[in-house]
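Chains, contacts and geometry: an overview
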Number of protein chains: 2
Amino acid sequence: MSPTVNGRVLFNEVPTGFPVPGKTTIYDKSKTIDLDNVDLEGGFLIKTLVLSIDPYMRGKMREPGKKSYSPPYNKGEPLDNFGVGVVLRSDTPDVTPGDHYYGIFPFQEYDIRKNTDGLRKLTNEHNIPWSVFVGTLGMPGKTAWFAWQEFAHPEKDDVVFVSGGAGPVGSLVIQLAKADGLKVIASAGSEQKVAFLKELGADVAFNYKTTDTAEVLEKEGPINIYWDNVGGPTLEAALEAATVEARFIECGMISGYNSGGAPVKNIFQVIGKQIKMSGFIVGNPKLVAKYEERFYQEVPPKVAKGEIKLREDRSIGLESAGQAILDVQVGNNNGKKVIIVAKE
Amino acid sequence: MSPTVNGRVLFNEVPTGFPVPGKTTIYDKSKTIDLDNVDLEGGFLIKTLVLSIDPYMRGKMREPGKKSYSPPYNKGEPLDNFGVGVVLRSDTPDVTPGDHYYGIFPFQEYDIRKNTDGLRKLTNEHNIPWSVFVGTLGMPGKTAWFAWQEFAHPEKDDVVFVSGGAGPVGSLVIQLAKADGLKVIASAGSEQKVAFLKELGADVAFNYKTTDTAEVLEKEGPINIYWDNVGGPTLEAALEAATVEARFIECGMISGYNSGGAPVKNIFQVIGKQIKMSGFIVGNPKLVAKYEERFYQEVPPKVAKGEIKLREDRSIGLESAGQAILDVQVGNNNGKKVIIVAKE
C-alpha cells in the first residue's frame with residue numbers, strides 16, 4: 001500500500017494574545033507514513049481517533065524558558081493533548097490491534113509508540129462514544145470529580161457558585177453539587193450555554209456578559225463554595241460574596257490566559273473571611289492515587305444511563321484544531337470541544 | 001477625692017489614606033471620673049495599664065455600612081483594642097482589686113465594666129511585663145502560634161519566607177520555624193529591623209525597601225511556606241518563588257490597608273503550583289478551642305526564660321496613641337507597638 005498522509009498540527013510561534021490558527025499553529029501535510037510496512041521497532045502503531053481541546057493548552061504556548069506545571073510546546077513540533085486512539089499494528093506484548101488507549105497524544109493522525117507508558121487501556125463496557133473519554137470521562141471529568149471530593153466539603157444549605165459552568169469541568173461540578181443537595185449558582189457566556197446550565201439543574205443560571213456577577217451573588221448568595229474556572233473580575237466578585245470559611249477551588253483562570261494574568265484587587269478578603277483557597281491540577285499524584293480508580297468505576301455507568309449529562313462540541317478533522325483552540329479561549333464553543341480526527 | 005481626668009482617644013473621621021493623629025483620631029480630656037465614689041452598679045472599675053496598637057485597626061476605621069470580620073469604630077466614641085488593666089474597685093463577685101485582665105479595652109484611662117465577658121484573668125506566674133500580654137503573649141503571639149500549627153505543615157528541608165518579620169507576629173513565626181528546623185528567609189523595612197531578624201535566627205534577612213524581594217527568593221528559595229503579613233508585590237514575588245504544593249498563610253496585607261487593597265497580578269500561580277492559601281483570623285472559635293489553653297501553658301515560660309525573644313516599641317501615655325497608630329501603618333515602629341497608659 002502506498003504511503004498515507006500523516007496530518008499534523010504544529011506549534012509555530014508563541015502568541016501574544018489569542019492563539020491564531022495558521023499563525024500560532026499550522027496544519028501540516030508534509031509527512032507520510034506507510035501504515036502496512038512502517039517498522040514498529042518493538043512498539044505499536046496507533047491511529048488517533050479523538051483529540052481534546054482544553055483551555056490549559058494556552059499555557060503551553062510559551063517560550064521554553066518559562067517554568068510551569070506542564071511543559072511548553074516546542075516550535076515546529078506537533079501540539080499534544082489528551083486523546084483516544086486505536087491500535088492498528090503491534091510488536092508490543094499485551095498490545096493488540098483493536099485496543100483503545102487514552103492518554104497524551106501528539107496532534108497527528110498516526111503515531112508509533114514505544115510502549116504504553118502514560119496510556120490507559122479503555123475497555124468501554126458501556127459502549128460510550130470514544131470522545132467522551134477525553135471529556136466527562138477524561139481529564140476534565142476527573143478534574144471536577146477529584147477536586148470536588150477533595151476540597152468542597154459541602155454542608156447542608158451551602159450555596160456554590162460555578163463559573164464557566166457550561167464547560168466539561170463546570171457542568172460536572174454543577175451536577176455533583178446538586179447531587180449533594182446544594183443550591184447552585186452558575187455562569188456562562190451565552191444564552192445557549194445558560195440554557196444548558198438550567199438543564200444540568202443549576203438553581204440560578206446567568207450570562208455573565210449581560211448580567212452583573214456581583215449583583216447575582218449579592219441577591220442569591222452569600223456563597224460557601226466557589227468553583228473558579230475563570231479568575232479575574234469573577235473571582236473578585238466571588239471574594240466579595242463569600243461567607244466566612246468559604247472554600248475556593250481554583251481550577252482555572254481563563255480570563256487571564258491570553259493577557260498574562262488578570263489582576264485581583266481584593267485578595268485581602270481571604271483573611272477577614274478566613275477563606276481556604278485550593279489550587280490544584282488533576283495530575284497530582286496524591287489525587288490520582290486517591291480517586292482515579294473509583295472514578296472509572298463509578299462515573300461511566302452514570303454517563304451511560306444519562307444520570308450524568310454532558311454536551312459535546314465536535315469539530316471534524318485534525319485541520320480544524322487551530323480554530324477549535326481559539327474558540328475555546330474565546331468561549332465560542334458550546335460544550336466540550338473535541339476534534340474527531342478519524343473514524344475507527 | 002476630686003474627680004480625675006479620664007483621657008480618651010476618639011475616632012473622629014474615616015481616613016482616606018493613612019490615619020492622621022488629631023484628624024482621624026482625637027485625644028480628649030473632657031471627661032472626668034470620681035475613682036472613689038463612682039457607682040459601679042454591680043460591675044467593677046478597671047484602670048488601663050497597656051493598650052496594643054496593631055495593623056488591623058486600620059480596617060476598623062471605615063464607614064459603618066461596610067461589613068468586615070471586626071466591627072467598625074464609631075465616630076465620636078473611643079477606639080478599642082487589646083489591652084491589660086488592673087481592677088481598682090469591684091462590686092462583682094470573683095473580681096478583686098489588684099486582679100489583672102486581658103481583653104478588648106476602650107482607649108480610655110478608666111472604665112467601668114459590667115462583667116468579665118470577653119476578658120481573661122492574667123495570673124502571670126512568671127512575672128512578665130504586662131505589655132507582653134498584648135504582644136507575644138497576646139493576640140499577635142496567638143496569631144503566629146495558632147496558625148503555624150494549623151496551616152504550616154512543615155517538612156524537613158522546607159524553606160519558609162516571612163514578610164513583616166520584625167513585627168510581633170512575624171518575629172514569633174521566625175522562631176517557630178527555626179524551632180522546626182526550617183530555613184527561614186525574612187523581610188522587614190529598615191536596617192534596624194533586619195538586625196532584629198538576624199537575632200531571631202533568620203537564615204536570610206533583608207530590607208525589602210533596598211533589596212528586591214523577587215531576587216532574594218530566586219536565590220534563596222524556592223519557598224515551601226509563605227507567611228504573608230503584607231500582600232501586594234511581596235505576595236506576587238512569593239507566588240513566583242513558591243514550590244509545588246506550597247502553603248500560603250494569609251495573616252495580613254498591610255501594603256493595601258491604606259489604599260483600598262493592593263492588586264495581585266499572578267494569583268493564577270495558585271493553580272499550576274497547587275498552592276493552598278489559608279486566610280484566617282486568630283479569633284476563629286475552632287482555632288481558639290484547639291490551641292488557646294496550650295498557648296498560655298507553653299509560651300509564657302519560654303518568654304520568661306528568654307527562649308522566645310521579643311522586642312517592644314513603647315509609647316508612653318494615651319495621648320501618644322494617634323501617632324503610634326500611624327507609625328505602625330507606615331512601619332516606623334521598631335518592635336511590637338504598645339501604649340503604656342499608666343503604671344500600676
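Residues numbered from 1 in each chain as written. Chains lettered and ligands numbered in written order. Predicted model: local features only at pLDDT ≥ 70, side-chain atom pairs only at ≥ 80, totals over all residues. Heavy atoms only, no water.

Some remarks on the overall build of chain A
Stated formally: Here a helix means four or more residues in a row that DSSP labels H or I, a strand means two or more in a row labelled E, and each is numbered from the N terminus. With C-alpha atoms as the basis for the radius of gyration, the globule rule is written as 2.2 Å multiplied by the number of residues raised to the power 0.38. Per-residue accessibility, obtained with a 1.4 Å probe over protein chains only, is compared with the maximum for each type, and a residue is labelled buried under 20%, exposed over 50%, and partly exposed between these values. The contact criterion used is simple: two residues touch if any of their non-hydrogen atoms lie within 4.5 Å. Residue-level accessible areas treat just the shown protein chains as cover; the underlying method is Shrake-Rupley with a 1.4 Å probe. Residues counted as positive are Lys and Arg, residues counted as negative are Asp and Glu, and His and the chain ends are not counted. Throughout, a charge is located at the NZ atom of Lys, the CZ atom of Arg, the CG atom of Asp or the CD atom of Glu.
Of the regular secondary structure elements, chain A holds nine helices and 17 strands. Radius of gyration (C-alpha) of chain A: 21 Å, near the 20 Å computed for a compact globule of 344 residues. A buried classification covers 59% of the 344 residues belonging to chain A. Look at the contacts in chain A between residues 6 or more apart in sequence, and 67% of them connect residues 24 or more apart. Of the roughly 14,400 Å² that chain A leaves accessible, carbon and sulfur atoms contribute 50%. Within chain A, the 43 negative side-chain charges are centred at a point lying 2 Å from the centre of the 39 positive side-chain charges.

With respect to the sheet that holds strand β10 (residues 159–162) of chain B
Put simply, the rule is: Two strands are said to pair when DSSP picks up at least two bridges between them. For every element, the axis is a line fit to its C-alpha atoms; helices are fit only across the contacting stretch, and the angle between N-to-C directions ranges from 0 to 180 degrees.
Read from one edge of the open sheet, 12 strands run β12(A)-β11(A)-β10(A)-β13(A)-β14(A)-β15(A)-β15(B)-β14(B)-β13(B)-β10(B)-β11(B)-β12(B), paired in mixed fashion. Each edge of the open sheet carries a strand with a single partner, namely β12 (204–207) of chain A together with β12 (204–207) of chain B. Neighbour-to-neighbour, the strand axes of the sheet open up by a mean angle of 15°, direction not taken into account. As paired elements, strand β11 (residues 183–188) of chain A and β12(A) share four bridges and run parallel to each other. Residue pairing for β12(A): A186(A) is matched across the bridge by A205(A). Helix α2 (residues 139–152) of chain B contacts β15 (276–279) of chain A together with β10, β13 (223–228), β14 (242–250) and β15 (276–279) of chain B of the sheet and is inclined by roughly 150° relative to β13(B).

Details of the relation of the copies chain A and chain B
What relates the two chain copies is a rotation about an axis together with a slide along it. The condition is simple: To superpose the copies, least squares is applied to the C-alpha atoms of every residue with a pLDDT of at least 70 in both.
With an axial shift of 0.0 Å and an RMSD of 0.0 Å, the rotation relating chain A to chain B amounts to 180°. Such a combination of rotation and displacement between the chain copies is what one expects of a two-fold axis. Both copies contact each other with a shared surface, as 100% of the interface residues of chain A are interface residues in chain B too.

Overview of the pattern of salt bridges
Residues and elements named next belong to chain A. Formally: Here a salt bridge means any side-chain nitrogen of Lys or Arg lying within 4 Å of a carboxyl oxygen belonging to Asp or Glu.
Here the structure, examined in full by the defined rule, presents 42 salt bridges over all chains. Note that E307 is salt-bridged to K305, the shortest N-O span being 4.0 Å. Among the charged side chains, a salt-bridge network with shared partners connects R120, K142, E292 and E293.

Quick notes on the packing of aromatic side chains
How two aromatic rings sit relative to each other is set out by the distance from centre to centre and by the angle between their planes. What counts, and what does not: Note on aromatic pairs: the rings of Phe, Tyr and Trp (six-membered ring only in Trp) are paired at centre separations within 6.5 Å, and the planes decide the class, stacked below 30 degrees, edge-to-face beyond 60, tilted for the rest. Criterion for a charge above a ring: Arg CZ or Lys NZ at most 6 Å from the ring centre, at most 35 degrees from the ring normal.
By the definition in use, this model includes 26 aromatic pairs over all chains. Arranged with centres 6.2 Å apart and planes meeting at 90°, the rings of F146(B) and F295(B) form a pair that is edge-to-face. With F146(B) in helix α2 and F295(B) in helix α8 (residues 285–305), this pair connects stretches of sequence that are 149 residues apart. Summarising the burial analysis for this pair, F146(B) and F295(B) share the class buried. A connected cluster of aromatic rings, assembled from ring pairs, spans W145(A), F146(A), Y291(A), F295(A) and Y296(A). The ring of F105(B) carries the charged tip of R113(B) above its face, separated from the ring centre by 5.3 Å.

Let's talk about the interface of chain A and chain B
Keep this limit in mind: The term buried area means the drop in 1.4 Å probe accessible area that two parts suffer when joined, counted for both and summed.
Contact residues are listed per partner, giving 29 residues for chain A and 29 residues for chain B. Buried surface at the junction of chain A and chain B, both sides included, amounts to about 2,400 Å², of which 62% is carbon and sulfur. Remark: the boundary between chain A and chain B carries two salt bridges. One salt bridge in this structure joins K286(A) and E245(B), with 2.9 Å as the shortest N-O distance. Those elements that provide at least two residues to the side of chain A that touches chain B are β14 (242–250), α7 (269–272) and β15 of chain A.

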